[in-house]
Amino acid sequence: MYDIHSHILPNIDDGPPEMEHSLAMALASKKDGTIKMICTPHHKDVIENHSISKLNQLVAQFKSRLKDEEIDLEIGLGMENHINLDLPETLSKGTSLTINRTKYVLIELPFFGKPNYIEKILFDVQLEGYIPVLAHPERLELFQNTPTILNDFVDRGMLTQFTAGSILGLFGRKAKILTEKYLKSGLVHTFASDTHTPTGPRSPILSTAFNNISNSYGQDIALTMFSTNPKSIIEGTSDTAEFTISMPKHKGKINWKFW
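The following refers to the structure shown. Quick caveat, the model's predicted, so the values are computed rather than measured.

Following the sequence through the fold, G200 ends up in the loop between β8 (190–192) and α9 (207–217). In this structure the C-alpha to C-alpha distance between G200 and L170, which are 30 residues apart in sequence, comes to 9.7 Å.

Listed below in structure tokens is the structure:
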């Protein structure tokens, strides 16, 4: 499995407070079957309290400690970028980071409300040559109140990243039900842990959710969401690929597109 959304770096945002906790998270993730994890600290925390330089140094230190502890988990760098008016510019300047230096960029929309600039900023990000990956839409009020908005974003060439814990009910009934609806509509491209802690509901364990999807829709579909698609994002796969998945237990076929 490949994890494109995590808060595993120590003392950088609301993730683990120290390196030992980060190492425990990495060990749990590796034992659970994750091959590579992208560190995606909150953009706001990095810029306001640290720096890109410090972030790069911290990743290097983390990789060194992983090697010392013989934890064979590959690490990449990205950022959870909050949508704001400056996002297209900060991406171009390199103060907002993409996923593993690809054109895919993890973007978090507000948990509550809907600023009137969302569509324009996302479109401007695309005009700059990036592909938005929308972080955990199932947990946001915007999509819970108006689920069809996600259809519009996906039709415009954006991708989605759902939280593994949502399908298990760890983020409430609304998030679970919405995840299931989006699954049946073919609007789920990837699952990720969004891990913050070594244990509990914010741990880096993906296999439980993988098994849930596999039992409900088949192993091939689970592998697509937890391995094939996130791996393609991490590796910066061409945005012109198009593929079709036949969802078991539901009529017809659902087209998923990488634009």
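This structure, assessed with the given rule, holds 5 aromatic pairs. Note on F191 and F226: the rings are 5.0 Å apart at their centroids and 10° apart in plane angle, and the pair reads as stacked. Note that F191 is positioned in strand β8 and F226 in helix α10 (residues 219–235), a separation of 35 residues in sequence. There is no split in this pair, since F191 and F226 are both buried. Note on F210 and F226: the rings are 5.6 Å apart at their centroids and 75° apart in plane angle, and the pair reads as edge-to-face. Linking F210 in helix α9 with F226 in helix α10, this pair joins segments that are 16 residues apart in sequence. Taken together, the ring pairs in this structure connect F162, Y182, F191, F210 and F226 into an aromatic cluster. Over the ring of F171 we find R139, and its NZ or CZ is 4.2 Å from the ring centre.

Before going further, it helps to spend a moment on the pattern of salt bridges. Scanning the entire structure with this criterion turns up 10 salt bridges. Residue R139 is joined to D194 by a salt bridge in which the shortest nitrogen-to-oxygen separation is 2.9 Å. With R139 in the loop between β6 (131–135) and α6 (141–145) and D194 in the loop between β8 and α9, the pair connects residues that are 55 residues apart, well separated along the chain. Like D194, R139 is buried.

Let us look at the sheet that holds strand β1 (residues 2–3). Within a beta sheet, neighbouring strands are joined by backbone hydrogen bonds and run either parallel or antiparallel to one another. Here we have 3 strands laid out as an open sheet, ordered β1-β2-β3, and parallel in their pairing. Each edge of the open sheet carries a strand with a single partner, namely β1 and β3 (74–77).

Scoring rules and cut-offs
- Residues numbered from 1 in each chain as written.
- Predicted model: local features only at pLDDT ≥ 70, side-chain atom pairs only at ≥ 80, totals over all residues.
- Heavy atoms only, no water.
- Helix = DSSP H or I, 4+ residues; strand = E, 2+ residues; numbered from the N terminus.
- Phe/Tyr/Trp six-rings, centres within 6.5 Å; stacked < 30°, edge-to-face > 60°.
- Buried < 20%, exposed > 50% of the residue type's maximum accessible area, 1.4 Å probe, protein only.
- Lys NZ or Arg CZ within 6 Å of the ring centre and 35° of its normal.
- Salt bridge = Lys/Arg side-chain N within 4 Å of Asp/Glu carboxyl O.
- Pairing = 2+ DSSP bridges.

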